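Residue strings, one per chain:
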Amino acid sequence: VTGDITDLPTVRQVMEGIDVVIDVIGMRGETKTLTHEMVEHGGIKNIIQAGKENGVKHILYTSVLGVEPNSIARTLAAKWNAEQSLMHSGIPYTIFRPSGYFVDFAEYFAPKIKDTGSFTVIGGGLTRLQPLDPADLAEAFIQSLDNEKAMNKILKIAGSEIFTLVEIINL
């Protein structure tokens, strides 16, 4: 189904007869018409509303490592707000906070380096990261379904290998 997560009637329609929602919505950057707050927080509020109306039993949400209240990064602030709404919704939830994905480097950062010949490195490039394959996150979602140990939890998830930012850029 194609639809707009920020449109409650669309979300209601999509969620009819649904028991479990896996929310993996995310955006790389804001547009003139869509902000992180509208998509992340507004979207989860629509899922919660439609979920309550349709008897959803479990919502799994993809957040990100490093979320915090009042973050200067709008994406992190929006994900924090979304987490808070979900945790206070009364619907059982599982929140995943992945550390980042290898695919982000391949699809976003590598083309930027190729196009511009440069890349802004924060912290001298020695920041240590543990990116993961989205398939690993998908597996974690599957293992969390009907798993009481995963209910009403925030789970941090990272890849098994540790790289500095410079090493990832070189890859």
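Preceding block: the structure.
Let us look at the structure shown here. (Residues numbered from 1 in each chain as written. Predicted model: local features only at pLDDT ≥ 70, side-chain atom pairs only at ≥ 80, totals over all residues. Heavy atoms only, no water.)

## Quick look at the sheet that holds strand S5 (residues 153-157)
Pairing is parallel across the open sheet formed by four strands, whose spatial order is S1-S2-S3-S5. With partners counted over all chains shown, the strands left at the sheet margins are strand S1 (20-23) and S5, one partner each. Across this sheet, the average inter-strand angle for adjacent strands is 15°, counted without regard to direction. Where strand S2 (residues 58-62) lies against strand S3 (residues 93-98), four bridges are found, and the strand directions are parallel. Following the sheet pairing, Ile59 is matched in S3 by Tyr93. The sheet strands contacting helix H2 (residues 36-54) are S1 and S2, and the helix crosses S2 at an angle near 170°. (Pairing = 2+ DSSP bridges. Helix = DSSP H or I, 4+ residues; strand = E, 2+ residues; numbered from the N terminus. Axes fitted to C-alpha atoms, helices over the stretch in contact; angles between N-to-C directions. Contact = heavy atoms within 4.5 Å.)

## A word on the environment of Ile95
By the element assignment, Ile95 lies in strand S3. With 72 residues separating them along the chain, Ile95 and Asp23 place their C-alpha atoms 9.6 Å apart. Excluding residues within four positions of it along the chain, Ile95 makes contact with Tyr61, Ser63, Glu83, Leu86, Met87, Lys153, Ile154 and Leu155.

## Some thoughts on the pairing of S2
Most of S2 is tucked away: five of the five residues are buried. Of the two faces of S2, both are covered, the one formed by His58, Leu60 and Thr62 as well as the one formed by Ile59 and Tyr61. As defined by bridge partners, S1 adjoins S2 across four bridges and the pair is classed as parallel. The residue of S2 that forms the bridge with Val21 is Ile59. Read from S1 through H2 to S2, the crossover connection turns out right-handed. With helix H3 (residues 74-87) bridging S2 and the parallel S3, this β-α-β connection has right-handed handedness. (Buried < 20%, exposed > 50% of the residue type's maximum accessible area, 1.4 Å probe, protein only. Right-handed = clockwise from strand over helix to strand, strands pointing away.)

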